[in-house]
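# Per-entry structural report
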Amino acid sequence: MAEYRKMITTMDLQKMKREKEKIAMVTAYDYPSARLAEEGGADIVFVGDSLGMVVLGYDSTIPVTLDDMIHHTKAAARGARNSFILTDMPFLTYHGTVDGTLRNAARVMQEAGSKAIKMEGGAEIAEHLQACVRAGIPVMGHIGLTPQAVHQFGGYKVQGKSAEQAQRLLADARALEQAGAFAIVLEMVPEELATLITEQIQIPTIGIGAGRYTDGQVLVYHDLLQYASPIKPKFVKAYAELGAAAMNGISAYVEEVKGSKFPSEEHVFHMNAEIIQQLADHDK
Ligand SMILES: Nc1nc(=O)c2c([nH]1)NC[C@@H]1CN(c3ccc(C(=O)N[C@@H](CCC(=O)O)C(=O)O)cc3)CN21
Ligand SMILES: CC(C)C(=O)C(=O)O
Ligand SMILES: [Mg+2]
């Protein structure tokens, strides 16, 4: 049994940045993945809306609902009781009235049992982020490639390569820090820009496809473990081959069933011989 450390807080994350201890975040979407994320020592167990793509089979994160996020966070929270559980706010649940955003955030905190939420976007969502922070909810920002806006970007592309775009992302990072975000995800931005942003704000940056110098890293569970993920972006490193292992296991099982090799004696229940005789007699 793993020895669990004390649950991390947003204050610990600030301290990790100051002391240059890297933050390791991993996605999880259910009981087993969250359990393994916790036992593997992840600082943040993150229920991302990428669940729409890697566990629900959608082409994007846009179809994911607030109910989906709550359902999966509940399962993940049961698997990682000692972890800092972060939940993505899904498509269009923090863009209407601030009241609506607070109601949606409240559902995630109360029903799902998250410790914090994450929102995509820069200065344009700062008002919504700030309202949640003022209500006592820790919020993580997310800029660069924001997948909920994929149709505006015209694909999953690197963001912030031009001086103008880079300036805007820097301003967005400052706006989110100002609004009270406890950390910011930088997704698919050049390493040089991610480094600049990391140096210019006090809160931790968590990179995905943002190079080596952010305060932490995040990867999708099904990508880093190669578990039937539909995509393999350049920023992914494979640390295991779960998909291949699962496939081999299943095909061996199928072969043994077809060949009457499974089940064998060790997997079988038996009954008392007298009772078998009674059954046979009764049948006469
Ligand atoms: N499995 C999975 N992993 C992720 O990291 C992830 C998701 N799903 N779903 C939500 C978003 C979408 N993300 C994506 C999706 C596709 C690419 C991609 O196709 N990247 C290519 C093209 C790069 C380019 O055109 O510049 C790559 O080679 O990295 C990257 C990030 C990141 N997130
Ligand atoms: C890619 C990460 C940062 C994310 O938002 C997700 O997994 O949903
Ligand atoms: Mg997401």
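Keep in mind the model is a prediction, meaning the values are calculated, not measured.

This next bit is on the coordination of the magnesium ion (ligand 3). Coordination sphere of the magnesium ion (ligand 3), protein contribution only: Asp49 (OD) and Asp88 (OD), at 2.1 to 2.2 Å. In this pair, aspartate 49 sits in the loop between β2 (44–47) and α3 (51–54) while aspartate 88 sits in strand β3 (residues 84–88), placing the two residues 39 residues apart along the sequence. Here the two residues aspartate 49 and aspartate 88 agree in accessibility, since each one is buried.

Let us look at the UniProt feature "binding site: 3-methyl-2-oxobutanoate" (unreviewed entry) in the protein chain. Those residues carrying the UniProt feature "binding site: 3-methyl-2-oxobutanoate" (unreviewed entry) are Asp49, Ser50, Asp88 and Lys118 in this numbering. For the residues just named, distributed over 70 residues, the greatest C-alpha separation is only 12.6 Å, placing them together at one site. Apart from residues no more than four positions distant in its own chain, aspartate 88 is found in contact with Phe46, Val47, Gly48, Asp49, Met69 and Lys118. Once residues within four sequence positions are removed from consideration, lysine 118 is found in contact with Phe46, Leu86, Thr87, Asp88, Met89, Met140, Gly141, His142 and Val185.

The next subject is helix α11 (residues 242–258). Here α11 spans 24 Å end to end across 17 residues, near enough to the 24 Å set by a 1.5 Å rise per residue. Immediately beyond the C-terminal end of α11, within one or two residues, lies serine 260, with a positive phi of roughly 55°.

Time to look at the packing of helix α5 (residues 98–112) against helix α6 (residues 126–134). Two elements in contact, α5 and α6, have axes whose closest approach is 9 Å; the angle formed by their N-to-C orientations is 50°. If you check the angle between α5 and α6, you find them oblique. The hand of the α5/α6 crossing is right-handed. Residue-level inspection shows Val98, Thr101, Leu102 and Ala105 of α5 in contact with α6, the latter providing Glu127, His128, Ala131 and Cys132.

So, on to the site of ligand 2. Every residue close to ligand 2 is listed here: Thr27, Phe46, Gly48, Asp49, Ser50, Asp88, Lys118, His142, Val185, Glu187, Ile208 and Val220. Note that an oxygen atom of ligand 2 is positioned 2.9 Å from one of the side-chain N or O atoms of aspartate 49. Surface burial for ligand 2 is 95%, taken as the share of its 260 Å² of free accessible area covered by protein chains. When its residues are assigned to classes, the shell around ligand 2 shows four nonpolar, four polar and four charged.

The subject of this paragraph is the pattern of salt bridges. Close approach of charged atoms allows side chains with opposite charge to pair. As enumerated under the stated definition, the model contains eight salt bridges in all. The salt bridge involving glutamate 39 is made with arginine 35; its shortest N-O contact spans 3.4 Å. One end of the pair, glutamate 39, and the other, arginine 35, are both in helix α2 (residues 31–39), four residues apart, so they sit about a helical turn from each other. Residue glutamate 39 is classed as partly exposed on the basis of its relative accessible area of 34%. Residues aspartate 88 and lysine 118 are paired through a salt bridge, measuring 2.8 Å at the closest nitrogen-oxygen approach.

The UniProt entry lists Asp49, Asp88 and Glu120 under the feature "binding site: Mg(2+)" (unreviewed entry), expressed in the numbering used here. These annotated residues cover 72 residues of sequence, and their C-alpha atoms lie no more than 10.9 Å from one another, placing them together at a single site. Among the residues examined, aspartate 88 registers a relative accessible area of 3% and is labelled buried. One can find glutamate 120 in the loop between β4 (116–118) and α6.

Residues apart from glycine generally show negative phi values, whereas peptide bonds are mostly found in trans. Note that the residue after phenylalanine 262, namely proline 263, is joined by a cis bond; omega there is 0°. With a phi close to 60°, lysine 20 is a non-glycine residue in the positive phi region. Relative to the assigned elements, lysine 20 resides in the loop between α1 (10–18) and β1 (23–27).

With that out of the way, let us pick up the domain arrangement of the protein chain. Here the protein chain is described as being made up of domain 1 (10–240) and domain 2 (246–282). The distance between the C-alpha centroids of domain 1 and domain 2 comes to 47 Å.

Here the focus is the layout of surface pockets. Roughly 520 Å³ of volume is contained in the largest pocket. As for the largest pocket, its lining consists of 25 residues, and the residues nearest its centre are Met25, Gln217, Val218, Leu219 and Tyr239. Where the lining of the largest pocket is concerned, the elements lending two or more residues are β1, α2, β7 (205–208), β8 (216–219) and α10 (221–224).

Our next topic: the site of ligand 1. In the region of ligand 1, 18 residues are neighbours, and Met53, Val54, Glu187, Asp223 and Lys234 sit closest. At 3.3 Å, a side-chain N or O of serine 229 approaches a nitrogen atom of ligand 1. Protein burial of ligand 1: of its 660 Å² of free accessible surface, 76% is covered by the chains. Looking at the shell around ligand 1 residue by residue, the classes come out as eleven nonpolar, three polar and four charged.

Cut-offs applied
- Residues numbered from 1 in each chain as written.
- Chains lettered and ligands numbered in written order.
- Predicted model: local features only at pLDDT ≥ 70, side-chain atom pairs only at ≥ 80, totals over all residues.
- Heavy atoms only, no water.
- Donors = N, O, S within 2.8 Å, 3.2 Å for Na, K, Ca; no water.
- Helix = DSSP H or I, 4+ residues; strand = E, 2+ residues; numbered from the N terminus.
- Buried < 20%, exposed > 50% of the residue type's maximum accessible area, 1.4 Å probe, protein only.
- UniProt positions renumbered as here; feature names shortened; annotations may be inferred.
- Contact = heavy atoms within 4.5 Å.
- Expected span 1.5 Å × (residues − 1).
- Axes fitted to C-alpha atoms, helices over the stretch in contact; angles between N-to-C directions.
- Parallel < 35°, antiparallel > 145°, perpendicular 65-115°, else oblique.
- Left-handed = near helix turned anticlockwise from the far one by under 90°.
- Near = heavy atom within 4 Å.
- Polar contact = N/O pair within 3.5 Å; in protein donor to acceptor, adjacent residues only side chain to side chain.
- Areas by Shrake-Rupley, 256 points an atom, 1.4 Å probe, with all protein chains shown as cover.
- Nonpolar A, V, L, I, M, F, W, Y, C, P; charged D, E, K, R; others polar.
- Salt bridge = Lys/Arg side-chain N within 4 Å of Asp/Glu carboxyl O.
- Domains from an automatic or database assignment.
- 1 Å grid on protein atoms, 1.4 Å probe; cavity = no way out; pocket = protein on both sides within 12 Å on 5 of 7 lines; lining within 4 Å.
- Points joined across faces, edges and corners; volume = space filled by probe spheres on them.

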